[in-house]
Amino acid sequence: MQYTDQGINLTREQLDEMQVELLRETLQRARLSPAYEGKLDVAPEDLRTPDDIRKLPLTSKDDLRAGMPEGFLAAPKREVVRMHYSSGTTGLATSVYHTRNDLRWWAECVARGMLAAGVTADDVFQNMMGYGLFTGGLGFHYAGELMGCMTIPASSGNTDRQIHLMQTFGSTVLHVIPSYALRVLHLCEQQGIDPRRDLQVRIIFVGGEPHTDQLRRRIEDGFGAKTYNCYGLSEMCGPGVAMECAEQEGLHVCEDHFLLEVLDPKTIEPVEPGETGEIVLTTLRREAMPLIRYRTRDVAQVLPDPCPCGSQHRRVSRILGRTDDMLVIKGVNVYPMQIERALMDIEEVGRNYLIEIDRPADLDRLTVNVELAQDAFADNMRELNALRERIVRRLSSELDVTPEVELHEPGALPVGEGKAVRVVDKRKRGQAKNHG
Ligand code: DLL
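Colleague: Whenever I open this one, the overall build of the chain confuses me. Can you help?
Modeller: Of the regular secondary structure elements, the chain holds 10 helices and 21 strands. Scaling as 2.2 N^0.38, a compact globule of 436 residues should have a C-alpha radius of gyration of about 22 Å, and the chain matches this with 22 Å. In terms of overall dimensions, the chain has C-alpha extents of about 75 × 55 × 40 Å along its principal axes. When the 436 residues of the chain are sorted by exposure, 56% land in the buried category. When contacts within the chain are restricted to residue pairs at least 6 apart in sequence, long-range pairs at least 24 apart make up 66% of them. Looking at the chain as shown, the accessible area adds up to about 18900 Å², and 48% of this sits on carbon and sulfur atoms. Here the chain contributes 52 positive and 66 negative side-chain charges, whose respective centroids are spaced 3 Å apart.

Here's what the structure looks like:
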């Protein structure tokens, strides 16, 4: 199989035309699924520009749940070659189906991003994302092969072996969940391995969970490599919906595969370029499970200016949060990414943190558990107290709420193999929150 994607070099006019054409086809296909049957009564000739998408209804995660297991399946079952299943951390899990063509396009979208970041067939690609129902592993696997890389299906976890593989096979490209990349750095530090000196990593694709630029810089500094942000969600395919190019300034949406809208989540009206809103996506080529105007709940902006790389595919900012992410603590709105940004600006703060909220004596309490950096962890209680005070002050000024801060030794907080659980809201009967 060779990399064949023709969609990269289109002009804006060609892209718009193509989107309308593909949207019309998508409508026809979507109507075949029980969930959309009778709900898409717009004539193809009424879809003349990509903006006409607004004549169609929105689709939500709850709609997918209501349609479980096969309500959104639009192709005959015998054409389906794969099923992925969301982790169900925010409710009932949902299934996503793929035909052979769906898988081919998906691999090409990811390969497009790999190409833009400078990956070549000479690279050794270690894919450290979970293989299985989660789309992170398989989503990049076939793209790595398509690019001609020697692809190592390392999957997630077993950090000792990950480091061993990187050392033994000279991995130059990684794909990893950001919080797990920091875990790998921690273990390297413990084993006296300096990734900048002892490993050959030059490109790291990060994605799958929200993260700040500050956290990303720590990954880059630790490995001495460039990180490239990759966004996606299982409902669309998985990773590869939008990826950064070599400019590293926003993520190009594959607009010949996905029709992008950024809407005000309350009014459902489009926001101006540069303004923050909810990403809403329509699949344009999906056969097995076309989705119309799917509300991702992810919040970002469209970058208004054209990218110096020359691609006409519009760029979105990194994901700034989710519409369902906001915590209300003592009546104040708090976003987990605000906490991460403040923490990662403090040099003495290490690589992991955990936000806990409970409600003793009927009053909200926010506790931020913070791992310290190796050098910052002292036995001296006075020093530690002063540091704790500094972190409390920094967080209070960022959040307008004064948290309690608990300091921990490096490596003391729990780390999973998949997406990090950053928030434990005990007010909701111990419910933990990540973004699967
Ligand atoms: O996480 C697909 C993926 C895997 C993307 C690996 C990139 C790399 P889901 O498990 O369905 O699919 O979770 C999708 O994860 O709606 C976002 O909230 C979050 N997310 C994914 N990529 C990013 C990113 C995969 N680069 C949900 N930055 C999405 C921030 C991200 N959040």
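Now, onward.
Colleague: Explain the packing of helix α6 (residues 178–190) against helix α8 (residues 213–223) here, please?
Modeller: How two helices pack is summed up by the angle between their axes together with the distance between the axes. Between α6 and α8, the least distance of the axes is 10 Å, while the angle of their chain directions is 35°. By crossing handedness, the relation of α6 to α8 is classed as left-handed. Counting all contacts with α6, which are made through Pro178, Ala181, Leu182, Val184 and Leu185, the residues of α8 involved are Leu215, Arg218, Ile219, Gly222 and Phe223. Grouping the constituent residues of the contact of α6 with α8 by class yields 8 nonpolar, 1 polar and 1 charged.

Colleague: Teacher, can you tell me more about the pattern of salt bridges here?
Modeller: Where charged atoms of side chains with opposite charge meet at close range, the side chains can pair. Summed over all chains, the structure comprises 31 salt bridges. Here arginine 322 and aspartate 298 are joined by a salt bridge, their closest N and O atoms 3.1 Å apart. Separated by 24 residues along the polypeptide, arginine 322 in strand β14 (residues 321–322) and aspartate 298 in strand β12 (residues 294–301) bring together distant segments of the chain. Among the residues examined, arginine 322 registers a relative accessible area of 10% and is labelled buried. Salt bridges linked by common partners bring Arg359, Asp362, Asp364, Asp425 and Arg427 together as one network.

Colleague: When you look at the pairing of strand β5 (residues 173–176) in this model, what are you seeing that I'm missing?
Modeller: Looking along a regular strand, one sees the side chains alternate between the two faces of the sheet. Side-chain alternation along β5 places Val173 and His175 on one buried face and Leu174 and Val176 on a second face that is also buried. The pairing of strand β3 (residues 124–127) with β5 spans 3 bridges and is classified as parallel. Note that in β5 the partner of phenylalanine 125 across the bridge is valine 173. Across 4 bridges, β5 lies against strand β6 (residues 203–207) in parallel orientation. Across the sheet, histidine 175 pairs through a bridge with phenylalanine 205, a residue of β6.

Colleague: Help me understand the packing of aromatic side chains in this model?
Modeller: Aromatic rings in a pair are described by how distant their centres are and how their planes are angled relative to each other. All chains considered together, the criterion is met by 4 aromatic pairs. Ring geometry for tyrosine 36 against phenylalanine 72: centres 5.1 Å apart, planes inclined by 90°, an arrangement best described as edge-to-face. Of the two residues, tyrosine 36 sits in the loop between α1 (12–30) and α2 (61–66) while phenylalanine 72 sits in the loop between α2 and β1 (80–85), which places them 36 residues apart along the sequence. Residue classification places phenylalanine 72 among the buried residues on the basis of a relative accessible area of 6%. For the pair phenylalanine 125 and phenylalanine 140, a centre-to-centre distance of 6.1 Å together with 45° between the ring planes defines the contact as tilted. Of this pair, phenylalanine 125 sits in strand β3 while phenylalanine 140 sits in helix α4 (residues 135–146), and the two are 15 residues apart along the sequence. Residue placement shows arginine 104 over the ring face of tryptophan 105; its charged tip is 5.1 Å from the ring centre. Stacked on the ring of tryptophan 105, the Lys or Arg arginine 285 has its end atom at 4.4 Å from the ring centre.

Colleague: Any chance you could explain the nonpolar core here in plain terms?
Modeller: One recurring pattern in soluble globular proteins is that nonpolar side chains are buried together. Core analysis: the biggest nonpolar cluster contains 64 residues, and Met114, Phe205 and Phe258 have the highest contact counts within it. Of all the elements, helix α3 (residues 100–117) adds the most residues to this core, at 8 residues. Within the second largest apolar cluster, 51 residues are counted, among which are Leu343, Ile355, Val370 and Val405.

Colleague: For this particular structure, what's the right way to read the pairing of β3?
Modeller: Here β3 shows a buried face lined by Val124 and Gln126 and a second buried face lined by Phe125 and Asn127. As defined by bridge partners, β3 adjoins strand β4 (residues 150–152) across 3 bridges and the pair is classed as parallel. By the bridge assignment, phenylalanine 125 is partnered in β4 with threonine 151. Between the parallel elements β3 and β4, the chain passes through α4 in a crossover that is right-handed.

Colleague: What's the story with the site of the ligand in this structure? I'm lost.
Modeller: The environment of the ligand is formed by 23 residues, the closest being Asn229, Cys230, Ser234, Asp298 and Lys419. A distance of 3.0 Å separates an oxygen atom of the ligand from a polar side-chain atom of arginine 322. Lysine 419 is positioned such that a nitrogen or oxygen atom in its side chain is 2.7 Å from an oxygen atom of the ligand. If the ligand stood free it would expose 600 Å²; the protein chains cover 97% of that surface. The set of elements that each furnish at least two residues to the shell around the ligand consists of α4, β7 (226–233) and β8 (238–244). The element contributing the most residues to the shell around the ligand is β7, with 5 residues.

The rules behind these values
- Residues numbered from 1 in each chain as written.
- Predicted model: local features only at pLDDT ≥ 70, side-chain atom pairs only at ≥ 80, totals over all residues.
- Heavy atoms only, no water.
- Helix = DSSP H or I, 4+ residues; strand = E, 2+ residues; numbered from the N terminus.
- Rg over C-alpha atoms; globule rule 2.2 N^0.38 Å.
- Buried < 20%, exposed > 50% of the residue type's maximum accessible area, 1.4 Å probe, protein only.
- Contact = heavy atoms within 4.5 Å.
- Areas by Shrake-Rupley, 256 points an atom, 1.4 Å probe, with all protein chains shown as cover.
- Lys, Arg positive; Asp, Glu negative; His and termini not counted.
- Charge placed at Lys NZ, Arg CZ, Asp CG, Glu CD.
- Axes fitted to C-alpha atoms, helices over the stretch in contact; angles between N-to-C directions.
- Left-handed = near helix turned anticlockwise from the far one by under 90°.
- Nonpolar A, V, L, I, M, F, W, Y, C, P; charged D, E, K, R; others polar.
- Salt bridge = Lys/Arg side-chain N within 4 Å of Asp/Glu carboxyl O.
- Pairing = 2+ DSSP bridges.
- Phe/Tyr/Trp six-rings, centres within 6.5 Å; stacked < 30°, edge-to-face > 60°.
- Lys NZ or Arg CZ within 6 Å of the ring centre and 35° of its normal.
- Core = buried A, V, L, I, M, F, W, Y, C linked by side-chain atoms within 4.5 Å.
- Right-handed = clockwise from strand over helix to strand, strands pointing away.
- Near = heavy atom within 4 Å.
- Polar contact = N/O pair within 3.5 Å; in protein donor to acceptor, adjacent residues only side chain to side chain.

These figures come from the coordinates and say nothing about function on their own.
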